[in-house]
Amino acid sequence: MLVDEKFVRLVDMTRAVAVLSDIHGVLPALEAVLAEPAVRAAERIVLTGDLAAGPMPVETLDVLAGLGDRAVWVRGNADRELVALAADQTLPVPDEICRWAARQLRPEQLTRLAGLPHPVTLDVIGFGPVLFCHGTPREDNEIILVDSPLDRFDQALSTVDESVRTVVCGHTHMPFARLASGRLVVNPGSIGMPYGRTGAHWALLDEGAIQLRRTDFDLDGACRRITAESGYPDAAAWADYYLRARATDREALAVFSRAAT
């Protein structure tokens, strides 16, 4: 692995890459995706941030750590915030579950989150260099949406080397793939906190093609499991709202559009 001041770049050429983003400590959804044949067969699994801020943070990070060198970890804003909250519980949070999750993590898990890179560039057969980030390449909490103007994309991607023609991001929990000034920009959606429709959303990069994938799983069973196994006091209500995608894509786009201006 080579490191410079702009980004981390993994220089080995990779074939199929599964991209999992915004897991948010929802272990049943993660397990369902990891059981997918295409994910099991992928040479690399790229985790584009916001991994543990949710109802089963310790268990989720343990499963991800078990993927070993196949997994490429990228920092999300919630990962950074968990580290900060573990040191100072008085910091403001967008969701109280973040404050609770930070208290659950073991020291070595916090150390790992604190050391995550952002962004990461991986050479993928059929694509060349692909940049993986959370919000945008320049900020882990910057927002770009499927309907953002091209000028907005140009600004958000202004730090990206011209050789990179594919950028994969996360953060907004809604999948899309679109061209922006000649670059393909992809958001796989969210594994654990989908907006707009239920299921665990992820992406596959294979043989030069992007596939936006969705994995169905037992929502009732997952909600029951989270309620039983998570120590978060409001786990049942949290799981019902997020796993059942109570927030519509229209509502989420409205909120994110205001935040992006």
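Conventions used here
Residues numbered from 1 in each chain as written. Predicted model: local features only at pLDDT ≥ 70, side-chain atom pairs only at ≥ 80, totals over all residues. Heavy atoms only, no water. Buried < 20%, exposed > 50% of the residue type's maximum accessible area, 1.4 Å probe, protein only. Helix = DSSP H or I, 4+ residues; strand = E, 2+ residues; numbered from the N terminus. Arc of directions from axis to C-beta. Contact = heavy atoms within 4.5 Å. Axes fitted to C-alpha atoms, helices over the stretch in contact; angles between N-to-C directions. Parallel < 35°, antiparallel > 145°, perpendicular 65-115°, else oblique. Left-handed = near helix turned anticlockwise from the far one by under 90°. Nonpolar A, V, L, I, M, F, W, Y, C, P; charged D, E, K, R; others polar. Phe/Tyr/Trp six-rings, centres within 6.5 Å; stacked < 30°, edge-to-face > 60°. Lys NZ or Arg CZ within 6 Å of the ring centre and 35° of its normal. pLDDT = per-residue confidence, 0-100.

Our next topic: helix α3 (residues 57-65). Buried within α3 we find Pro 57, Val 58, Thr 60, Leu 61 and Leu 64. Projected down its long axis, α3 shows its buried positions confined to an angular sector of 165°, all on one face. Turning to α3, the residues buried within the fold contact α1 (27-34), β4 (44-47), β5 (71-73), α5 (96-104) and α6 (107-114).

Moving on to the packing of α3 against α6. Here α3 crosses α6 at 65°, and the two axes come no closer than 11 Å. Judged on the interaxial angle alone, α6 and α3 are roughly perpendicular. You can see that α3 and α6 cross each other, and the crossing is left-handed. Together, Val 58, Leu 61, Asp 62 and Ala 65 of α3 and Gln 109, Arg 112 and Leu 113 of α6 make up the contact between the two elements. Considered class by class, the residues forming the contact of α3 with α6 number four nonpolar, one polar and two charged.

On to the packing of aromatic side chains, then. Per the stated rule, a full pass over the model turns up four aromatic pairs. Pairing Trp 238 with Tyr 242 gives two aromatic rings, centres 4.7 Å apart and planes at 45°, and the pair type is tilted. Placement of the pair is Trp 238 and Tyr 242 together in helix α9 (residues 235-243), with a separation of four residues, close to one helical turn. By relative accessible area, Tyr 242 is classed as buried at 16%. Between the NZ or CZ atom of Arg 112 and the centre of the ring of Trp 73, over which it lies, the distance is 3.9 Å.

Moving on to the confidence of the model for the protein chain. Keep in mind that low pLDDT regions are not for reading the predicted coordinates in detail. On average, the protein chain scores 94 in pLDDT, and the residues at 70 or more come to 95%. Every residue in residues 1-6 is under pLDDT 50, and counting partners more than four places away or in other chains gives eight contacts.

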